[in-house]
Amino acid sequence: MASKQLTAEEGAGSGSGTDSPTPSRRLETTFGPGYSTVTTLVAEGSPNYPWQKSQSFDSDNEEEMSDEPLVFTETPSSKLFCLLCERVFKDAVITTCGHTFCRWCVNMKTNEKCPVDDSKLSVVVANIAVSEQIGELFIHCKYGCQQADGGKMGEWELDPRGCPMTVRVNARKEHEASCGYAPVSCPNNPNCPPLKRMELEEHLKQRDHIRCPHHKYGCTFVGTSGDVSHHLTNICRFEGIKEFLQQTEDKMREMQLQLAQKDQEIAFLRSMLGRLSEKIDALEKSVEVKLDVLDESCNKLQDEVMESRRDCALINDELSHINARLNTGVVGTLDPQQIFRCKGTYVGHQGPVWTLCVHGDLLFSGSSDKTIKVWDTCTNYKCQRTLEGHTGIVLALCIHKYGPPHGNKLYSGSADCSIMVWDIPSLEHMKTIQAHDNPVCTLVASNNLLFSGSLKAIKVWDIHTLQLKRELTGLNHWVRALVASTHYLYSGSYQTIKIWDLKSLECVHVLQTSGGSVYSIAITNHHILCGTYENCIHVWDLDTHEQIQTLTGHVGTVYALAVVNTHEGTKVFSASYDRSLRVWSMDNMICTQTLLRHQGSVACLAVSRGRVFSGAVDSTVKVWQ
């Protein structure tokens with residue numbers, strides 16, 4: 001029901017105990033489930049306010065006040081409204097979330113949550129400060145109101161014949177208990193008309209229908225004063241046991257008080273039980289989270305144990321090779337000066353590093369982050385430039401050294417099926433070739449030609465004009481390895497190495513191998529080597545093309561091979577899926593060193609001035625010397 005408030009002048013006038021209300025004001029009362037009575041004072045033409053909804057404030061007398069109007073004479077503060085029922089607080093309590101609500105709202109709406117922070121509602125303590133503040137608000141005496149003539153249910157108007165007093169909420173019961181305008185019934189004769197309390201004394205003097213003092217215990221006698229005296233002396237059966245009845249009544253009152261106290265204790269215990277339940281729920285969630293973390297830690301630890309076992313196996317294998325070399329008297333290769341060590345790490349890529357190439361003091365690296373980074377390997381060892389342009393993973397890089405006036409060029413192949421040309425002095429993009437229908441896996445430049453390998457195809461490009469000159473066919477799978485020597489081009493495919501003449505571009509020899517696809521090729525002064533999918537390195541004689549050795553030791557695909565010439569002879573570096581690099585002596589075909597520093601598969605190698613660079617899936621490039 002809509003409610004209206006008093007104007008400032010009317011509110012001030014209603015606070016007086018002597019002023020009579022104006023006829024245009026009326027009281028309006030509605031009933032709701034959460035509050036015994038909702039009553040408002042209506043002034044014609046004034047706006048609606050929720051503060052005029054009222055309710056009983058005495059929790060112990062809720063039923064007694066269920067039909068009593070409650071009218072505030074002035075607008076209460078908006079901070080005195082409960083957010084659940086949108087009315088002035090009734091028996092305000094503080095909940096576990098720290099906010100204040102009506103006790104009835106919290107106890108009867110246990111499934112609802114705090115509208116402020118969505119916490120579960122549970123009573124903690126009474127908000128005495130708010131209750132006292134509400135208790136200081138002024139209201140009209142209920143005996144100064146009457147049902148409006150011709151009005152609908154719940155509409156009230158001020159009764160000019162009623163009580164004119166306005167009192168504080170906390171003094172309401174005291175005033176109404178003694179208010180002379182309160183309606184009372186004649187205690188002697190229920191047939192007497194309704195009386196006001198201030199009229200009762202005079203009424204009793206004029207009437208002779210006096211009830212027996214023990215009528216509350218069931219005695220029905222009514223008569224004159226003399227008759228009542230005679231009745232008490234000779235007839236009333238309750239007179240003789242009045243002390244017992246009084247004691248019984250006192251005990252009943254005491255038991256009711258104890259029952260009320262027990263109800264309060266039960267309410268407190270329920271509140272504590274609710275808090276305990278919330279704590280248990282929080283502990284269960286905490287335990288579940290910790291168990292998940294523990295499971296994750298256990299899985300991680302198991303992975304680390306497996307990696308450690310694999311590393312131990314590699315080290316044991318290396319030790320067995322060293323022992324074999326010691327037993328055969330080959331000790332020169334154990335000179336500490338010839339042991340390769342990690343000298344540094346280049347960090348900057350946001351994805352695995354798949355290809356490397358070197359030009360002077362510059363190192364170029366291609367990555368899954370679709371960029372090419374240019375590193376200074378001589379002075380500050382930092383990234384000098386990041387080349388962007390590819391829309392796919394950068395899989396291949398190669399350098400071609402031009403004579404004047406062309407300058408040196410960098411070529412990059414990508415999973416976006418294109419080849420991009422970069423000017424090395426300026427590090428600027430020059431041109432893009434849409435080279436293949438599939439990713440460009442490998443590049444090599446030689447004899448003024450650029451060779452690009454992809455699925456079952458090798459394309460040959462003029463290095464100056466970048467025009468396609470020829471396509472080499474007859475390949476059975478992906479071409480992942482291309483290496484050029486002075487006169488020949490070597491290409492690796494599935495269990496096959498083809499040797500092409502650089503002048504005629506014809507295949508002149510085919511080497512059959514085992515171990516799956518060929519992922520890497522290296523050429524020394526005397527040998528041809530290839531790394532395969534099945535962890536092996538096959539070695540052929542460069543002149544006779546006869547296979548002379550198979551190097552084993554890796555436990556993963558051999559992704560890259562690189563040749564390093566030292567004063568002790570030729571060394572070959574191999575990089576593998578097993579996250580290791582191995583150093584092989586080509587004099588006796590023995591692994592002389594295993595390098596374990598990467599945290600992911602080692603995918604590519606590059607050599608410059610006695611240094612070896614390795615790129616890996618861990619997004620880093622390491623320097624070995």
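Criteria and thresholds
Residues numbered from 1 in each chain as written. Predicted model: local features only at pLDDT ≥ 70, side-chain atom pairs only at ≥ 80, totals over all residues. Heavy atoms only, no water. Helix = DSSP H or I, 4+ residues; strand = E, 2+ residues; numbered from the N terminus. Contact = heavy atoms within 4.5 Å. Salt bridge = Lys/Arg side-chain N within 4 Å of Asp/Glu carboxyl O. Buried < 20%, exposed > 50% of the residue type's maximum accessible area, 1.4 Å probe, protein only. Pairing = 2+ DSSP bridges. Axes fitted to C-alpha atoms, helices over the stretch in contact; angles between N-to-C directions. pLDDT = per-residue confidence, 0-100. Arc of directions from axis to C-beta. Phe/Tyr/Trp six-rings, centres within 6.5 Å; stacked < 30°, edge-to-face > 60°. Patch = residues over 30% accessible without salt bridge, like charges linked within 9 Å, V, L, I, M, F, W, Y side chains within 5 Å. Areas by Shrake-Rupley, 256 points an atom, 1.4 Å probe, with all protein chains shown as cover. Disulfide = S-S within 2.5 Å. Lys, Arg positive; Asp, Glu negative; His and termini not counted. Charge placed at Lys NZ, Arg CZ, Asp CG, Glu CD. Core = buried A, V, L, I, M, F, W, Y, C linked by side-chain atoms within 4.5 Å.

1. Side note on the overall build of the chain
In step 1: In terms of regular secondary structure, the chain is built from seven helices and 39 strands.
In step 2: Sequence-distant contacts in the chain: of pairs separated by 6 or more residues, those separated by 24 or more amount to 45%.

2. Remarks on the pattern of salt bridges
In step 1: If you walk through the whole model with that rule in mind, you get 14 salt bridges.
In step 2: Across the pair R103 and D91 runs a salt bridge whose closest N-O atoms are separated by 2.7 Å. Taken as a pair, R103 in helix α2 (residues 103-108) and D91 in the loop between β2 (38-43) and β3 (92-95) lie far apart in primary sequence, 12 residues in all.
In step 3: The class for R103 is partly exposed, based on a relative accessible area of 27%.

3. Considerations on the sheet that holds β3
In step 1: Judged by pairing direction, the sheet is antiparallel, and its three strands sit side by side in the order β4-β3-β5 without closing on themselves. This sheet does not close on itself; its edge strands, each paired only once, are β4 (100-102) and β5 (123-126). Averaged over all pairs of adjacent strands, the angle between their axes in this sheet comes to 45°, without regard to strand direction.
In step 2: The pairing of β3 with β5 spans three bridges and is classified as antiparallel. The partner of T95 across the bridge, within β5, is V123.

4. Section: the sheet that holds strand β24 (residues 449-454)
In step 1: If you walk across this open sheet you meet the four strands as β23-β24-β25-β26, and the pairing is antiparallel. On the outer flanks of this sheet lie β23 (442-446) and β26 (468-472), each paired with one strand and no other. With strand direction ignored, the average angle separating the axes of adjacent strands in the sheet is 20°.
In step 2: Where β23 and β24 come together, five bridges link them in antiparallel fashion. Paired with L443 across the bridge in β24 is S452.

5. Points about the environment of Y402
In step 1: Topologically, Y402 is positioned in the loop between β19 (394-400) and β20 (409-414).
In step 2: Taking the C-alpha atoms as reference, Y402 lies 9.5 Å from I463; in sequence the two are 61 residues apart.

6. A short note on the confidence of the model for the chain
In step 1: Taken over all residues, the pLDDT of the chain has a mean of 81, while the share at 70 or more is 84%.
In step 2: Low confidence marks residues 1-66, where pLDDT is under 50. Its contacts with residues over four positions away, or in another chain, come to 172 contacts.
In step 3: Low pLDDT, under 50, characterises residues 329-337; the predicted model gives this stretch 13 contacts beyond four residues in sequence or across chains.

7. Quick look at helix α3 (residues 128-135)
In step 1: What α3 keeps buried is the set V130, I134 and G135. In a view along the axis of α3, the buried residues occupy a sector of 140°, so they form one face of it. Turned more than 90 degrees from where α3 packs its buried face, I128, A129 and E132 sit exposed.
In step 2: Contact partners of the buried residues in α3: β3 and β9 (166-168).

8. Description of the packing of aromatic side chains
In step 1: For the structure on display, the rule yields five aromatic pairs.
In step 2: Centroid distance F340 to F573: 4.8 Å. Interplanar angle 90°. Geometry classified as edge-to-face. Taken together, the residues F340 in the loop between α7 (242-327) and β14 (342-347) and F573 in strand β34 (residues 569-576) connect sequence positions 233 residues apart. There is no split in this pair, since F340 and F573 are both buried.
In step 3: The interplanar angle of 65° and the centroid separation of 5.7 Å between the aromatic rings of Y519 and Y559 together place this pair among those described as edge-to-face. With a gap of 40 residues between them, Y519 in strand β29 (residues 507-523) and Y559 in strand β33 (residues 558-566) connect regions that are remote in the sequence.
In step 4: A relative accessible area of 23% places Y559 in the partly exposed class.
In step 5: Site record: aromatic cluster; members linked through ring pairs are Y519, Y533, Y559 and Y577.

9. Brief notes about a nonpolar patch on the surface
In step 1: On the surface, a cluster of nonpolar side chains totalling about 300 Å² of accessible area is made up of F268, L269 and M272.
In step 2: For M272, a relative accessible area of 35% puts it in the partly exposed group.

10. Let's talk about the state of the cysteines
In step 1: In the structure shown here, the tally under the stated rule is zero disulfides.
In step 2: Unpaired in terms of disulfides, C85 finds its nearest cysteine sulfur in C105, a separation of 3.8 Å.
In step 3: Residue classification places C85 among the buried positions, given a relative accessible area of 16%.

11. Observations regarding the pairing of strand β27 (residues 481-484)
In step 1: As paired strands, β27 and strand β28 (residues 488-501) are joined by four bridges and run antiparallel to one another. Residue pairing for β28: A484 is matched across the bridge by L489.
In step 2: Where β27 folds back on β28, the antiparallel hairpin that results is connected by three residues.

12. A few points about a negative patch on the surface
In step 1: A cluster of acidic residues, D281, E284, E288, D292, D295 and E296, forms a negative patch at the surface.
In step 2: Within the secondary structure layout, D295 lies in helix α7.
In step 3: Relative accessible area serves as the criterion here: at 45%, D295 is assigned to the partly exposed category.

13. Considerations on the nonpolar core
Side chains of a nonpolar character, in soluble globular proteins, are inclined to be buried together.
In step 1: In terms of nonpolar packing, the biggest core is built from 24 residues, with C82, F89 and F101 touching the most fellow members.
In step 2: When contributions to this core are tallied by element, the ones reaching two or more residues are β3, β4, α2 and α3.
In step 3: Ranked by size, the runner-up nonpolar core spans 15 residues in total, among them I419, I433, A435 and L450.

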